[in-house]
2 protein chains.
Amino acid sequence: MSTENTENMNTEVLDESIARRLKLDSQGLVAAVVQQYDSKEALMVGYMNEEALRRTLSTGRVTFWSRSRQEYWRKGDTSGHVQYVKGVHIDCDGDALLISVDQVGAACHTGARSCFDAGGELPSVEGFRTQQEEVAQ
Amino acid sequence: MSTENTENMNTEVLDESIARRLKLDSQGLVAAVVQQYDSKEALMVGYMNEEALRRTLSTGRVTFWSRSRQEYWRKGDTSGHVQYVKGVHIDCDGDALLISVDQVGAACHTGARSCFDAGGELPSVEGFRTQQEEVAQ
C-alpha cells in the first residue's frame, strides 16, 4: 500500500473541541507563527487549515497548507529542513497559532535560518517609553 | 486644527521601494507578528495595510489595521498598552512582517501579557531529531 493510499484512507479529523476554537479566514486558514523553541527566534509564518493543524498536533512534524500550491506541505520533506514540534499555542481569538519547534537547518527556502533574516530589516524610527511608563514597569 | 484634520491632510505614502516588496492579500493586508524585543516572547499577530506599516515605521508606535472594525488601530491608545517599535523585518516573500517592540503592560485585550498565553497550549505530540540530524547540527 502506497503512502498516498494510506493518506486517502485517513478518516481522522481535528478534535471537535479544538476545531470549535479556530476562527478560520475565508479560505479556511489560520496564520501559524513558527518560533525556535529554545532561542525563541521567529523563523517564519505559514498557514494551516484544520487538517494541517491535526497533522501538526498528532505527528511531531509541522505541516502547513501551501496557499500558492494549494496542497499540504510537510516542512522538510523535500529540503530536509524538518520542524519538530515542541509545543502549540492558540491565541485569544483563535485566528493565530504559535508553533514552537526544533528547526533542523534553515527555515527559509532561501537558505537563511529565518525568513525574516532573508527579507531583512526595514528602516524604522525607534520608540521609547515615557518616564511614567518606565516607572510603572 | 484637530488631530483628525491633521490626519486627513496627511499626504505621505509608504516608501515606494518598500511598498513594492509587500505581497498584500486580497484585502490589502500582511500579517504582522509582534515580539518583545529583549525576551523574544511572541505577543500577538495583527494585520497591516500599507498605511499602517508607514505609520509603524515612521512614528515609533505600532499601528494595525483592524479587520473586525475596519479602521486603524494604534496599539495602546485606549488601553495604555503601547507598543514601542524597536525594529521591523519583512520576510523573504513580503507577506509577513516581524515587529520587535517594547510592550507596555499586556499585549492581549484579555489582560494577559501575550495573546498566546491567553489562548493557551493545545495538546500535541512532541517530535525529536533523528540521530543523523543530531550529529549534523
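All figures in this text were calculated on a predicted structure; none of them were measured in a lab. (Residues numbered from 1 in each chain as written. Chains lettered and ligands numbered in written order. Predicted model: local features only at pLDDT ≥ 70, side-chain atom pairs only at ≥ 80, totals over all residues. Heavy atoms only, no water.)

Asker: Which parts of the structure should I look at to understand the packing of aromatic side chains?
Answerer: Each aromatic ring pair is summarised here by two numbers: the centre-to-centre distance and the angle between the ring planes. One pass over the full model with this rule turns up four aromatic pairs over all chains. Centroid distance A:Phe64 to A:Trp73: 4.9 Å. Interplanar angle 40 degrees. Geometry classified as tilted. On the accessibility criterion, A:Trp73 (27% relative accessible area) is partly exposed. A cation over a ring is seen here: B:Arg67 above B:Tyr47, with NZ or CZ 3.9 Å from the ring centre. (Phe/Tyr/Trp six-rings, centres within 6.5 Å; stacked < 30°, edge-to-face > 60°. Buried < 20%, exposed > 50% of the residue type's maximum accessible area, 1.4 Å probe, protein only. Lys NZ or Arg CZ within 6 Å of the ring centre and 35° of its normal.)

Asker: Which parts of the structure should I look at to understand the relation of the copies chain B and chain A?
Answerer: Comparison of the two chain copies shows a relationship of rotation about an axis with a shift along it. Under the fitted operation, chain B is carried onto chain A by 0.0 Å of movement along the axis and a turn of 180 degrees, and the coordinates agree to an RMSD of 0.0 Å. Both copies of the chain, as the preceding transformation shows, are related through a two-fold rotation axis. When C-alpha positions in chain B are compared against the rotation axis, the closest is assigned to B:Lys40, at 2.9 Å. (Least-squares fit on C-alpha atoms with pLDDT ≥ 70 in both.)

Asker: Please clarify how the interface of chain B and chain A should be interpreted in this entry.
Answerer: Often the size quoted for an interface is simply the accessible area lost on bringing the parts together. On the side of chain A, 55 residues touch chain B, which itself brings 55 residues to the contact. When the two sides are added together, the surface that chain B and chain A hide from each other amounts to roughly 4500 Å², 58% of it contributed by carbon and sulfur. At the junction of chain B and chain A, the tally comes to six salt bridges. Joining chain B to chain A, the criterion identifies 26 residue pairs in polar contact (both at pLDDT 80 or more). Those elements that place two or more of their residues in the side of chain B that touches chain A are strand E1 (30-36), strand E2 (42-48), helix H3 (50-59), strand E5 (83-90), strand E6 (96-103), helix H4 (115-119) and strand E7 (121-122) of chain B. Classifying every residue of the side of chain B that touches chain A by side-chain character gives 26 nonpolar, 18 polar and eleven charged. Here strand E7 (residues 121-122) of chain A pairs with E5(B) via two bridges, running antiparallel. Counterpart to A:Glu121 in the pairing with E5(B) is B:His89. (Contact = heavy atoms within 4.5 Å. Buried area = accessible area lost by both parts, 1.4 Å probe. Salt bridge = Lys/Arg side-chain N within 4 Å of Asp/Glu carboxyl O. Polar contact = N/O pair within 3.5 Å; in protein donor to acceptor, adjacent residues only side chain to side chain. Helix = DSSP H or I, 4+ residues; strand = E, 2+ residues; numbered from the N terminus. Nonpolar A, V, L, I, M, F, W, Y, C, P; charged D, E, K, R; others polar. Pairing = 2+ DSSP bridges.)

Asker: Which parts of the structure should I look at to understand the nonpolar core?
Answerer: Grouped burial of nonpolar side chains is what soluble globular proteins tend to show. Residues A:Leu122, B:Met48, B:Leu53, B:Leu97 and B:Ile99 are the most contacted members of the largest nonpolar core, which totals 26 residues. When contributions to this core are tallied by element, the ones reaching two or more residues are helix H2 (16-19), E1, E2, H3, E5 and E6 of chain B. Residues within four places of B:Leu53 in sequence aside, it is in contact with A:Leu122, B:Leu14, B:Ile18, B:Leu22, B:Met48, B:Val88 and B:Leu97. In terms of nonpolar packing, the next biggest core, distinct from the first, is built from 25 residues, A:Ile18, A:Ala19, A:Ala32 and A:Met44 among them. (Core = buried A, V, L, I, M, F, W, Y, C linked by side-chain atoms within 4.5 Å.)

Asker: What am I meant to see in the UniProt feature "binding site: Mg(2+)" (unreviewed entry) in chain A here?
Answerer: The positions that UniProt labels "binding site: Mg(2+)" (unreviewed entry) are, in the present scheme, A:Asp91, A:Asp93 and A:Asp95. Tracing the backbone shows A:Asp91 in the loop between strand E5 (83-90) and strand E6 (96-103). Those residues within four positions of A:Asp91 in sequence are excluded, and the remaining contacts are A:Ala96, B:Cys115, B:Phe116 and B:Gly119. Engagement of the side chain of A:Asp91 in a polar contact is seen with the backbone nitrogen of A:Gly94, the distance being 2.8 Å. Residue position: A:Asp93 is located in the loop between E5 and E6. If sequence neighbours within four positions are ignored, A:Asp93 has contacts with A:Arg21 and A:Lys23. (UniProt positions renumbered as here; feature names shortened; annotations may be inferred.)

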